[in-house]
Amino acid sequence: MPHPIMFRDDDFGLAEVRRIALAFPGAFEKISHGRPVFYAPKSFVWYGGSSKQSGAVMRYDHAIIIKPAEAERPAFEQDQRFFYPMYLGPSGWLGFDLAAADVDWSEVAELIDTSYRLVASKTLIRELDQRTEGVS
């Protein structure tokens, strides 16, 4: 039995997350576990998630799940906008609640960029860096 769809295309922030994520080399979107997930070819950002807090499941319908740089993890864990996602958390992923405060989309782009760089191939990262060098 497939997972129920847990988002709408007009959900807060989804259009912006799509624009950011799909701009990366080799990036594509597919639905996994009822949510939009962005791959290159491994997943690098999920839209929406959940967390278990005090035994209860808390849904974050307007959030991203990203893989953070280990050096940044301690600071993120002190930031109230971040949460430990169910299922992906044990593999090093963190959630970022887009609805917790005004969104700085450049910050979101940086989070997604870091996550992408942690899972993408060296070839795709080289392509990204060449694009970035041409923009400067």
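Keep in mind that this is a model prediction, so the values were computed, not measured. (Residues numbered from 1 in each chain as written. Predicted model: local features only at pLDDT ≥ 70, side-chain atom pairs only at ≥ 80, totals over all residues. Heavy atoms only, no water.)

Some points on the pattern of salt bridges
Taken as a whole and judged by the stated rule, the model has 12 salt bridges. We note a salt bridge from Arg35 to Asp61, for which the minimum N-O separation is 3.4 Å. Taken together, the residues span a long stretch of sequence, with Arg35 in strand β2 (residues 35-39) and Asp61 in strand β4 (residues 56-66) at a distance of 26 residues. Given the relative accessible area of 6%, Arg35 is considered buried. The partner of Arg117 in a salt bridge is Asp129, and the shortest N-O contact between them spans 2.7 Å. Here Asp129 lies in helix α4 (residues 122-135) and Arg117 lies in helix α3 (residues 105-119), a separation of 12 residues in the sequence. Classification of Arg117 as partly exposed rests on a relative accessible area of 29%. Judged by its relative accessible area of 30%, Asp129 falls in the partly exposed class. Each of Asp9, Arg18 and Glu29 takes part in a single network of salt bridges with overlapping partners. (Salt bridge = Lys/Arg side-chain N within 4 Å of Asp/Glu carboxyl O. Helix = DSSP H or I, 4+ residues; strand = E, 2+ residues; numbered from the N terminus. Buried < 20%, exposed > 50% of the residue type's maximum accessible area, 1.4 Å probe, protein only.)

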